[in-house]
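Remarks on the overall topology
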Amino acid sequence: MTDPTEPTRYAFEHPDEAGYPDEKGTLGQDQAVLIDEVIDDPHAPAFDFQVVNDEKLGIYDAIVGDREAAGLTYNVAGDDRLVLLATSVFPEFRKQGIATELIRRVLEDVRVQGKTVTIMCPIVRTFIEHNPEYADLIDPEHPGVTQGHTQDAETAETAVTS
């Protein structure tokens, strides 16, 4: 079962611009499920899907057949940087590798475009921590959220619920 108080998976520190006074935010159950997928389920997705970048809306959509299965929202920050905001997967497509593969394909697209990323999405942060070959895409001046380094479950629970 997903335990959002587990310090190594669910404690993230957010930069001031994220809007949290203590620089910490609460991860929802949906985010915890996707973090589990990124950490525990790195295999290829069960569904063959297409990724479509809707630049007007600022979202990379994962499309299975004629249905949207997942999305990764972003903002454009100048000509050379994207701010990756949030990853979401519809419940019927969760725990099947789609979040992991969507993030991988988005980061590959960013690399091809010669851009960097600022990460506001803890799921993307977790993916990069477990796939360091993408760490060079993080903008050094504007990295975004960072993994919290809490010492025990009580400290992590405070970080997650503050």
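Anything mentioned here points back to the structure above.
Here the structure is a predicted model, which means the values were calculated and not measured.

Bringing the overall build of the chain into the picture now. Tallying secondary structure elements over the chain gives 5 helices and 7 strands in all. Walking the chain from its N terminus toward its C terminus, one meets helices and strands in the order α-β-α-β-β-β-β-α-β-α-β-α. Across the 162 residues in the chain, those meeting the buried criterion constitute 48%. Considering only contacts in the chain between residues 6 or more positions apart, those separated by 24 or more positions represent 59%. Total accessible area on the chain stands at roughly 8,300 Å², and carbon and sulfur atoms take up 50% of it.

To continue, consider the sheet that holds strand E3 (residues 59-64). Note on sheets: strands pair through backbone hydrogen bonds, and any given pair is parallel or antiparallel. Spatially, 5 strands are ordered E2-E3-E4-E5-E6 in an open sheet, and the strand pairing comes out mixed. Two strands bound the open sheet, and with one partner strand each, they are strand E2 (50-54) and strand E6 (116-119). Strand-to-strand, the axes of this sheet are offset by a mean angle of 30°, without reference to chain direction. Here strand E5 (residues 81-89) pairs with E6 via 4 bridges, running parallel. Within E6, the residue paired with Val83 across the bridge is Thr118.

With that settled, consider helix H4 (residues 122-130). For H4, the buried fraction is high: 7 of the 9 residues fall into the buried class. Among the residues making up H4, those that are buried are Pro122, Ile123, Val124, Arg125, Thr126, Phe127 and Ile128.

For the rest of this paragraph, the subject is the packing of helix H3 (residues 98-113) against H4. One way to put it is that H3 packs onto H4 with a least axis distance of 10 Å and a crossing angle of 80°. One way to sum up the angle between H3 and H4 is to call them roughly perpendicular. The residues of H4 that touch H3, namely those facing Thr100, Ile103, Arg104 and Leu107, are Ile123, Val124, Phe127 and Ile128.

Here we come to the side chain of Thr118. Tracing the sequence through the fold places Thr118 in strand E6. Using a relative accessible area of 3% as the deciding quantity, one classes Thr118 as buried. Of the polar contacts made by the side chain of Thr118, one reaches the backbone oxygen of His142; its length is 2.6 Å.

As a further point, take the nonpolar core. Core analysis: the biggest nonpolar cluster contains 31 residues, and Leu72, Leu84, Ile98, Leu107, Val117, Val124 and Ile128 have the highest contact counts within it. Listing elements by their share of this core, those giving two or more residues are E3, strand E4 (67-76), E5, H3, E6 and H4. Counting residues per element, this core draws most heavily on H3, at 7 residues. Val117 has contacts with Arg81, Leu82, Leu84, Leu107, Val110, Leu137, Ile138, Asp139 and His142, leaving out every residue within four places of it along the chain.

Let us now look at unusual backbone geometry. One non-glycine residue with positive phi stands out, namely Lys95, at about 60°. Note that Lys95 resides in the loop between E5 and H3. Classification of Lys95 by relative accessible area gives exposed; the value is 61%.

So, about the packing of aromatic side chains. Here the distance between the centres and the angle between the planes together describe a pair of aromatic rings. Applying the stated criterion to the full structure yields 2 aromatic pairs. Ring centres of Tyr60 and Tyr74 lie 5.3 Å apart, and the angle between their planes is 45°; this geometry places the pair in the tilted category. Of this pair, Tyr60 sits in strand E3 while Tyr74 sits in strand E4, and the two are 14 residues apart along the sequence. Measuring from centroid to centroid gives 5.6 Å for Phe127 and Tyr134, while their planes differ by 45°, and the two rings are tilted. The pair Phe127 / Tyr134 is uniform in exposure class, with both members buried.

Basis of the calculations
- Residues numbered from 1 in each chain as written.
- Predicted model: local features only at pLDDT ≥ 70, side-chain atom pairs only at ≥ 80, totals over all residues.
- Heavy atoms only, no water.
- Helix = DSSP H or I, 4+ residues; strand = E, 2+ residues; numbered from the N terminus.
- Buried < 20%, exposed > 50% of the residue type's maximum accessible area, 1.4 Å probe, protein only.
- Contact = heavy atoms within 4.5 Å.
- Areas by Shrake-Rupley, 256 points an atom, 1.4 Å probe, with all protein chains shown as cover.
- Pairing = 2+ DSSP bridges.
- Axes fitted to C-alpha atoms, helices over the stretch in contact; angles between N-to-C directions.
- Parallel < 35°, antiparallel > 145°, perpendicular 65-115°, else oblique.
- Polar contact = N/O pair within 3.5 Å; in protein donor to acceptor, adjacent residues only side chain to side chain.
- Core = buried A, V, L, I, M, F, W, Y, C linked by side-chain atoms within 4.5 Å.
- Phe/Tyr/Trp six-rings, centres within 6.5 Å; stacked < 30°, edge-to-face > 60°.

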